[in-house]
Amino acid sequence: MTYQLHYWPTIQGRGEFVRLALEEAGAAYVDVARGDPDDGGGERALMAHMAEGDHPPFAPPYLVDGDLVIGQTANILLHLGLRHGLAPRAEGGRLWVNQLQLTIADLVAEAHDVHHPVGMGLYYEDQKEEAARRAQEFRAQRMKKYLGWFETVLERAPKGAEGRQWLTGETLTYADLSLFQAVEGLRYAFPHAMKRLEPRLTRVIAVRDAVADRPNIAAYLRSERRIPFSTEGIFRAYPELDPA
């Protein structure tokens, strides 16, 4: 069965965490809003579908799998992880990977709120002074706290074959894919801050590099399916928010 992924067609956003899992799994999926409106695609199809059903999603991304309509990024990944071997089968392992994913979601939310600290309905230009204050704390404290925690998780995880180490030990999970995306986003939005942090994040960066080398992920990153970062997404590169 082909999955239907519903997300905005021009940004990576939170939908990218789902795309990475689908691509790594080699799963068949349709990115609905990026499709031709004449074939049932486009943003209108996304919005129309959101208004249907007894359990409507609050916002994209959401995934349609047969009769299931699953919203919230971490919830989608919890479903895909079990279906495609991207999470342990034992309950304790699944919950731990979900906890890792939810922590990444918190980091992503804080990264977004750097450029929109006052209100979602306001433009960045309407809150630049507040964004500068928020960015200072995020660069100096929050990035280090989150990424340092993942460094500790990796330090304490069981060692994998040939010294390779994922967040849970020997086996890659969707949380590793999501950590890759978080690092990529932070490198785009805060390149100077990340350059200063990365020497203390050798394990986190090793996971990022190992994910990028996965055959399915490497092919995806080279393809047109990978939407570039931009100042329309979650991670936004405003030089004034990341001084050298």
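Cut-offs used in this document
- Residues numbered from 1 in each chain as written.
- Predicted model: local features only at pLDDT ≥ 70, side-chain atom pairs only at ≥ 80, totals over all residues.
- Heavy atoms only, no water.
- Pairing = 2+ DSSP bridges.
- Helix = DSSP H or I, 4+ residues; strand = E, 2+ residues; numbered from the N terminus.
- Axes fitted to C-alpha atoms, helices over the stretch in contact; angles between N-to-C directions.
- Contact = heavy atoms within 4.5 Å.
- Expected span 1.5 Å × (residues − 1).
- Bend = angle between axes of the 7 residues up to and from the residue.
- Buried < 20%, exposed > 50% of the residue type's maximum accessible area, 1.4 Å probe, protein only.
- Right-handed = clockwise from strand over helix to strand, strands pointing away.
- Salt bridge = Lys/Arg side-chain N within 4 Å of Asp/Glu carboxyl O.
- Polar contact = N/O pair within 3.5 Å; in protein donor to acceptor, adjacent residues only side chain to side chain.

Trainee: Could you give an account of the sheet that holds strand E1 (residues 3-6), with specific residues and numbers?
Mentor: Judged by pairing direction, the sheet is mixed, and its four strands sit side by side in the order E2-E1-E3-E4 without closing on themselves. Both edges of this open sheet fall to strand E2 (29-31) and strand E4 (68-71), since each of them pairs with a single strand only. For this sheet, the mean angle separating the axes of adjacent strands, direction not counted, is 20°. Each of E1, E2 and strand E3 (62-65) is contacted by helix H1 (residues 15-25), which is oriented at about 160° to E1, the strand it contacts most.

Trainee: Could you give me a rundown of helix H5 (residues 128-156), with the residues and numbers involved?
Mentor: Counted at 1.5 Å a residue, the expected span for H5 with its 29 residues is 42 Å, and the 40 Å between its end C-alpha atoms agrees. A bend of about 50° at Phe138 is the largest found in H5. Taken residue by residue, H5 has Ala131, Ala135, Phe138, Arg139, Met143, Tyr146, Leu147, Phe150, Glu151, Val153 and Leu154 as its buried positions. The secondary structure elements touched by the buried residues of H5 are helix H4 (91-115), helix H6 (174-189), helix H7 (191-197) and helix H8 (202-212).

Trainee: Could you give me a rundown of unusual backbone geometry, with the residues and numbers involved?
Mentor: Residue Pro61 is reached from Pro60 by a cis peptide bond, and omega for that bond is 5°. A positive phi is found at Gln72, a non-glycine position, where the angle reads about 75°. Mapped onto the secondary structure, Gln72 falls in the loop between E4 and helix H3 (73-83). Under the relative-accessibility criterion, Gln72 is labelled exposed at 56%.

Trainee: So what about the pairing of E1? Which residues, and what values?
Mentor: By the bridge criterion, three bridges tie E1 to E2 in an arrangement that is parallel. By the bridge assignment, Leu5 is partnered in E2 with Asp31. Handedness of the crossover joining E1 and E2 through H1: right-handed. One ladder, built from three bridges, connects E1 with E3; its direction is antiparallel. Residue pairing in the sheet places Gln4 in a bridge with Val64 of E3.

Trainee: Pulling in residues and values, what's your account of the pattern of salt bridges?
Mentor: Tallied over the entire structure, the rule returns 15 salt bridges. Put simply, Glu23 and Arg225 hold a salt bridge, and the shortest N to O gap is 2.8 Å. Placement of Glu23 in helix H1 and of Arg225 in the segment after helix H9 (215-222) is noted, with a sequence separation of 202 residues between them. The partner of Arg214 in a salt bridge is Glu24, and the shortest N-O contact between them spans 2.6 Å. On the criterion of sequence distance, the pair formed by Arg214 in the loop between H8 and H9 and Glu24 in helix H1 is long-range, its members being 190 residues apart. Here the residues in one salt-bridge network are Glu16, Arg19, Asp31, Arg34 and Arg226, joined through shared partners.

Trainee: Account for the side chain of Arg19, naming residues and giving values.
Mentor: Following the sequence through the fold, Arg19 ends up in helix H1. Judged by relative accessible area, Arg19 falls into the buried class, the value being 0%. A polar atom in the side chain of Arg19 sits 3.4 Å from the backbone oxygen of Gln12.

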